[in-house]
Every structure is written in structure tokens, then in C-alpha cells.
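# What the coordinates show
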Amino acid sequence: MISKSVYKIPDGKLLKISLDYNDKNEKILGLLITGDFFIYPEEAIEILEKKLVNTTLNEKILMDKINNVIRENKIEFIGLNVEGLVTGIMMCLK
Amino acid sequence: MSEKWRFLITENNSASKNMAIDRAVLVANGEGKVPPTVRFYTWSPAAISIGYFQSLSEEIDLKKCKDLGIDYVRRITGGGAVFHENELTYSIVIPENHPQIPKNIMESYCRICGAVMKGLKNQGIDSIYAPINDIVSGGRKISGNAQTRKLKTVLQHGTVLLDVDVEKMFSLLIVPNEKIRDKMISDVKQRVTSVKHILGSYVSFNDSVNAMKNGFEQEFNVRLIPGILTDYELVLTDKFEKECFANPDWNHKR
């Protein structure tokens, strides 16, 4: 199932999520994270998107997964944050 | 004695070439082959650049761009879509460990924007840095900026709006629905300004170059020495243009 969300990060930038997920087991099949935020290094976005495939659409699980990827790849967000990213992804379910 | 940096002016290049030059200078500086460099440039034809993370087809009306002969390109920097017409675009490339550049990314935005603000001040325009990446005058945006760091090197590029045509800009952008286009245009008109709007008369790229150049020299206490791209940078520019910025795979990748 494909769903989209648009979420303005408080004090940050505009986040747009395009999510493809399995609505039976609520796992991510694929997602595209777009917007006018900054991520350092930029190429880390592709790593993040890949690592989130097969993740269950649950706030706590997403938060832990994203924090892990950030730590492992020394990623820095500007105008975006983990809470906002999780909110944007979960909004696709509504 | 003040340090010498290279100063480049490259006018009337395509969007793909402009972005390829910025990346070529970044790589050449990262490899220690060229000094810190400040470049001022213009775009011909007029162009829209989108941030690295944006979706091209969701941000830009590609058919309208084609009809009006407007170029488009994906940047290597994050940030939003920018319509490049009647502006002075700058880029600065400098090693990450240069004493003039704060390690912290937000602090380095502020520092580099300080050079742009001094350049505006030299033209009689007061402005302040508005985090994350804007410079505002009288509460309205006059400059947008975006930074990347690769090869332990900082590239920041940004705009100084000499004049602005909000209607034209919005005719090229995708808006959620046509009904709110007029509302968005009037909102943006309230939030954006230009050198022309503030000073009451149009100042050309050439007329603002010296003021802006002095702004960079004052902020960083350096001398900007006019130079040209090296042969190596020209080769890299060609390579990056073909591989990336003029390549549909790159521009449509998100």
C-alpha cells in the first residue's frame, strides 16, 4: 500500500514521506524521504531509506532503528530530527 | 599580512555547469590543489535548483520550465528550491579545518553568512542571519544559503536577490492546488525582498560585485585575488556535468 505525508518539522523544514508498506503486517516495503532539510553526509539518506525497509511501523521501533543508523553512520540532521521523521512516517498510516 | 584566497567570476553559465564548477572546486581544494576560493556567478538561461533531498517532479513544473526555457538542476547541497534570475550567486570553498571556519555546521553557516551581510552593508543594506540558512532584511528574506561538507572541505553556496519575480517563480513550482497559488504568492511577496526593493533602484550583478567581494574580505580578513579555474578543475567540471548535473538520472534521482 502506498501512502504519503507532508509534515512541517517544528522549528525546522518541510518533510515529505512517500511510504510503501504491507498493511497486513505493517512493515515498510520502501520509503522516500524528501524535503528541504539538510543531512550530513547527504548520501546517508539512501542508507537510512534502505535500512528502514522491513521495519515495523511502530514509533518506538522506528525511533530506535533511526537512532542506530544515525550513530553507525555519524549522520547529522539540520532542520529535521528523529521525532519529526518518525511522526512523518507514522502520519502515512492515518 | 592577510591571507590570499582565489576570487572567481563566472557569468552566464547553465545550471549544470554552475553546479559542476562548485563541485570541481570543492574536489580540487579537498585535494590541496587550489587555495580557498570565493566565486560569484550568474545563470543563463534562468534556472531552478532544487535541494539534494527534494523530489524533482514534486517540486518543479517541468513542462512549464521547458515552455519558458528555464533550466533545472539538483544540487549536492540540501535546502529548498531556488529560482535563479536577477541574483548574485556566491560559493565559497575552504578546508574544514581552516581557522576561520567553525567546526560546528550551524556556526559555520552563521560565519559565512556574515560575509554576505557585510557585502549587503557595503551596499547600504542592513541584514541579519536568520537560522537555519537565511539572511533577512527588514524581516524579509534577501538571501538563501546551503552548505555541504565533503573531502574535509566546506562548500557553501547562496544567493543575494537583486530583484525578484514571485509570480514567475511560482509559475514554475508545483503547488498543492491551484486555489492556494494566489495565497502562496501573496504570502511569499510579504516574506521576500531584494536589493532593488530596498534601495529603490536596480543594482546589476556587476555593480554589486565589489561590495560583495569586500564583504568576504572584511569578514575573513583576507585578500581575494582574481583568478581562473585550473585545467584540472575544468576537466572535473566536464566530468561532473556529464556524470551528474546534466544527467537525468541525477536530476530525477528523488
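Scroll up for the structure.
Further remarks concern the overall build of chain B. For chain B, the helix and strand inventory stands at ten helices and eleven strands. For 254 residues, the compact-globule estimate of 2.2 N^0.38 gives 18 Å, and the C-alpha radius of gyration of chain B, at 17 Å, lies within 12% of that figure. Per-residue burial for chain B yields a buried fraction of 56% across its 254 residues. In chain B, the proportion of contacts linking residues at least 24 apart, taken out of those at least 6 apart, comes to 76%. With the model as given, the accessible surface of chain B reaches about 10,700 Å², and the carbon-plus-sulfur share is 52%. The averaged location of the 30 negative side-chain charges in chain B is 3 Å from the averaged location of its 33 positive side-chain charges.

Turning to the packing of helix 2 (residues 59-73) of chain A against helix 3 (residues 82-91) of chain A, a few remarks are in order. All names here are of chain A. Here helix 2 crosses helix 3 at 135 degrees, and the two axes come no closer than 10 Å. Judged by the inter-axis angle, helix 2 sits oblique to helix 3. With respect to the hand of their crossing, helix 2 and helix 3 are arranged in right-handed fashion. Side by side, helix 2 and helix 3 meet where Glu-59, Leu-62, Met-63, Ile-66, Asn-67 and Ile-70 of the first sit next to Val-82, Glu-83, Leu-85, Val-86, Ile-89 and Met-90 of the second.

With that settled, consider helix 6 (residues 181-191) of chain B. All names here are of chain B. By the burial criterion, the buried members of helix 6 are Arg-181, Ile-185 and Val-188. Looking straight down helix 6, one finds its buried side chains confined to an arc of 70 degrees; they lie on one side. Away from its buried face, by an angle of more than 90 degrees, helix 6 presents the exposed residues Asp-182, Lys-183, Gln-190 and Arg-191. Of the surrounding elements, those touching the buried residues of helix 6 are helix 5 (166-172).

Moving on to the state of the cysteines. The term disulfide refers to a covalent linkage connecting the sulfur atoms of a pair of cysteines. All names here are of chain B. One pass over the full model with this rule turns up zero disulfides over all chains. Take Cys-110: it sits in no disulfide, and the sulfur closest to it among the cysteines is that of Cys-113, at 7.2 Å. Looking at Cys-110, the relative accessible area reads 37%, which means it is partly exposed. The exposure class assigned to Cys-113 is buried, which follows from its relative accessible area of 0%.

All right, on to the packing of aromatic side chains then. Residue and element names in this part refer to chain B. Considering all chains together, one arrives at eleven aromatic pairs over all chains under this definition. Look at Tyr-90 and Phe-216: their rings are 5.5 Å apart centre to centre, the planes differ by 55 degrees, and that puts the pair in the tilted class. You can see Tyr-90 sitting in strand 6 (residues 87-95) and its partner Phe-216 sitting in helix 8 (residues 205-220), a full 126 residues away along the chain. Classification of Tyr-90 as buried rests on a relative accessible area of 1%. Taking relative accessible area as the criterion, Phe-216 reaches 1% and is therefore assigned buried. Both rings, one in Phe-245 and one in Trp-250, keep their centres 5.5 Å apart while their planes meet at 75 degrees; by these two values the pair is edge-to-face. Take Phe-245: its relative accessible area is 1%, and that puts it in the buried class.

On to the pattern of salt bridges. Two side chains bearing opposite charge may form a pair once their charged atoms approach each other closely. Using the criterion set out here, one finds 23 salt bridges over all chains in the structure. When the shortest N-O distance is used, the salt bridge between Lys-60 of chain A and Asp-64 of chain A registers 2.6 Å. A residue pair is termed a helical-turn pair when its members lie 3 or 4 positions apart in one helix, as Lys-60 of chain A and Asp-64 of chain A do in helix 2 at four residues. Notably, a salt bridge pairs Asp-134 of chain B with Lys-141 of chain B, separated by 3.2 Å at the nearest N-O pair. Through salt bridges with shared partners, a single network forms among Glu-46 and Glu-49 of chain A together with Lys-253 and Arg-254 of chain B.

The rules behind these values
- Residues numbered from 1 in each chain as written.
- Chains lettered and ligands numbered in written order.
- Predicted model: local features only at pLDDT ≥ 70, side-chain atom pairs only at ≥ 80, totals over all residues.
- Heavy atoms only, no water.
- Helix = DSSP H or I, 4+ residues; strand = E, 2+ residues; numbered from the N terminus.
- Rg over C-alpha atoms; globule rule 2.2 N^0.38 Å.
- Buried < 20%, exposed > 50% of the residue type's maximum accessible area, 1.4 Å probe, protein only.
- Contact = heavy atoms within 4.5 Å.
- Areas by Shrake-Rupley, 256 points an atom, 1.4 Å probe, with all protein chains shown as cover.
- Lys, Arg positive; Asp, Glu negative; His and termini not counted.
- Charge placed at Lys NZ, Arg CZ, Asp CG, Glu CD.
- Axes fitted to C-alpha atoms, helices over the stretch in contact; angles between N-to-C directions.
- Parallel < 35°, antiparallel > 145°, perpendicular 65-115°, else oblique.
- Left-handed = near helix turned anticlockwise from the far one by under 90°.
- Arc of directions from axis to C-beta.
- Disulfide = S-S within 2.5 Å.
- Phe/Tyr/Trp six-rings, centres within 6.5 Å; stacked < 30°, edge-to-face > 60°.
- Salt bridge = Lys/Arg side-chain N within 4 Å of Asp/Glu carboxyl O.

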